[in-house]
Amino acid sequence: MAELVFFTGTMDSGKSTLALQTDHNYTARGRRGLIFTRGDRAGAARLSSRLGLEVNAREVFDDTDFWAEVHAEFTGGRTVDHLVCDEAQFYSEQQVEQLARLVDETEIDVFAFGITTDFRTRLFPGAARLFELADRIEVLQVQSLCWCGARATHNARTVDGVMVTEGDQVVIGDVGDDRAAGVVAYEVLCRRHHMRQMTAATARRRSAADPSLWE
Ligand SMILES: Nc1ncnc2c1ncn2[C@@H]1O[C@H](COP(=O)(O)OP(=O)(O)O)[C@@H](O)[C@H]1O
Ligand SMILES: Cc1cn([C@H]2C[C@H](O)[C@@H](COP(=O)(O)O)O2)c(=O)[nH]c1=O
């Protein structure tokens, strides 16, 4: 039975790496897949992992119709055994429904990868629909850590290391505190520190200002 599987985790938890590994393993066994992504940091129509691997992919746009994309492959005489769909949180609800229909009606496996919640801890539309429709939800096994050492569960958006809570839901960016001044970045945090809006830089500043914290 084909499956719709949603692999999810915080930013920087290895989702794109797993997406590439999944496609590699299936392709190595003679299965043909299509790779899709939307808004990868490496640019349009690329799927990139922080481990350095990067491949061509099909960019998903607002008007992308997965059913039509696969249908065009079949009518062109090309088989499709699986789809790898990265940054799936950015897909529309309709696009996730098309993926579910492909699984059910054409027996194509769909492996979707993406974060669950945005910088305000709200579900992305694509992720919400995947939670509603997927046969399986798989949480990435490699743990990302908050600066405090606890498991990171949430994505914070920062400017100069300070967490922001206002802004567009979608702003493509990367984790790390080495961004240029004023540039949006992201940091993964445990829930406690996300709720307290305490990033690594904020904690550093606070401990420097209050040495008694460590006495
Ligand atoms: N220099 C490195 N050495 C070992 N592992 C690394 C290195 N850089 C990144 N990684 C691994 O890559 C992961 C991020 O992979 P990536 O697929 O880009 O994440 P995601 O798609 O979830 O944002 C990190 O969690 C870490 O495990
Ligand atoms: C939290 C959050 C993230 N994004 C963007 C930032 C990145 O471009 C992607 C996540 O990519 P990754 O491979 O999982 O690191 O999502 C965003 O647009 N809005 C947010 O709130």
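All figures in this text were calculated on a predicted structure; none of them were measured in a lab.

### Topic: the sheet that holds strand E10 (residues 162-164)
Right, on to step 1. Across the sheet, three strands lie side by side as E10-E9-E11; this open sheet has antiparallel pairing. One side of each edge strand has no neighbouring strand; the edge strands of this open sheet are E10 and strand E11 (184-189). Sheet twist, expressed as the average angle between the axes of neighbouring strands with direction ignored, equals 55°.

### A short note on a positive patch on the surface
Right, on to step 1. Positive charge collects at one region of the surface, where Arg191, Arg192, Arg196 and Arg206 lie side by side.
Right, on to step 2. Along the chain, Arg191 turns up in helix H5 (residues 191-195).
Right, on to step 3. Of the residues examined, Arg191 reaches a relative accessible area of 54% and is grouped as exposed.

### Quick look at the side chain of Ser207
Right, on to step 1. In this structure, Ser207 sits in helix H6 (residues 200-209).
Right, on to step 2. A polar atom in the side chain of Ser207 sits 3.0 Å from the backbone oxygen of Arg204.

### Thoughts on the domain arrangement of the protein
Right, on to step 1. Parsing the protein into structural domains produces domain 1 (4-139) and domain 2 (154-209).
Right, on to step 2. One C-alpha centre belongs to domain 1, the other to domain 2; they are set 27 Å apart.
Right, on to step 3. Opposite the 17 residues of domain 1 that make contact, domain 2 presents 19 residues.
Right, on to step 4. Counting each side, the surface lost to burial between domain 1 and domain 2 is near 1,500 Å², with a carbon and sulfur contribution of 61%.
Right, on to step 5. Taking the shortest distance from any N to any O, the salt bridge between Arg41 and Asp174 comes out at 3.7 Å.
Right, on to step 6. Applying the counting criterion to the domain 1 and domain 2 interface returns six residue pairs in polar contact (both at pLDDT 80 or more).
Right, on to step 7. In the side of domain 1 that touches domain 2, the residues fall into seven nonpolar, four polar and six charged.

### Here's the deal with the packing of aromatic side chains
Right, on to step 1. For the structure shown, the criterion picks out six aromatic pairs.
Right, on to step 2. When the centroid spacing of 5.8 Å and the interplanar angle of 85° are considered together, the rings of Phe6 and Phe131 count as edge-to-face. Highlighted residues: Phe6 in strand E1 (residues 4-8) and Phe131 in helix H4 (residues 125-133), separated in sequence by 125 residues.
Right, on to step 3. Under the relative-accessibility criterion, Phe131 is labelled partly exposed at 41%.
Right, on to step 4. For the ring pair Phe7 and Phe113, a centre distance of 4.9 Å and an interplane angle of 10° mean the geometry is stacked.

Scoring rules and cut-offs
Residues numbered from 1 in each chain as written. Chains lettered and ligands numbered in written order. Predicted model: local features only at pLDDT ≥ 70, side-chain atom pairs only at ≥ 80, totals over all residues. Heavy atoms only, no water. Pairing = 2+ DSSP bridges. Helix = DSSP H or I, 4+ residues; strand = E, 2+ residues; numbered from the N terminus. Axes fitted to C-alpha atoms, helices over the stretch in contact; angles between N-to-C directions. Patch = residues over 30% accessible without salt bridge, like charges linked within 9 Å, V, L, I, M, F, W, Y side chains within 5 Å. Areas by Shrake-Rupley, 256 points an atom, 1.4 Å probe, with all protein chains shown as cover. Salt bridge = Lys/Arg side-chain N within 4 Å of Asp/Glu carboxyl O. Lys, Arg positive; Asp, Glu negative; His and termini not counted. Charge placed at Lys NZ, Arg CZ, Asp CG, Glu CD. Buried < 20%, exposed > 50% of the residue type's maximum accessible area, 1.4 Å probe, protein only. Polar contact = N/O pair within 3.5 Å; in protein donor to acceptor, adjacent residues only side chain to side chain. Domains from an automatic or database assignment. Contact = heavy atoms within 4.5 Å. Buried area = accessible area lost by both parts, 1.4 Å probe. Nonpolar A, V, L, I, M, F, W, Y, C, P; charged D, E, K, R; others polar. Phe/Tyr/Trp six-rings, centres within 6.5 Å; stacked < 30°, edge-to-face > 60°.

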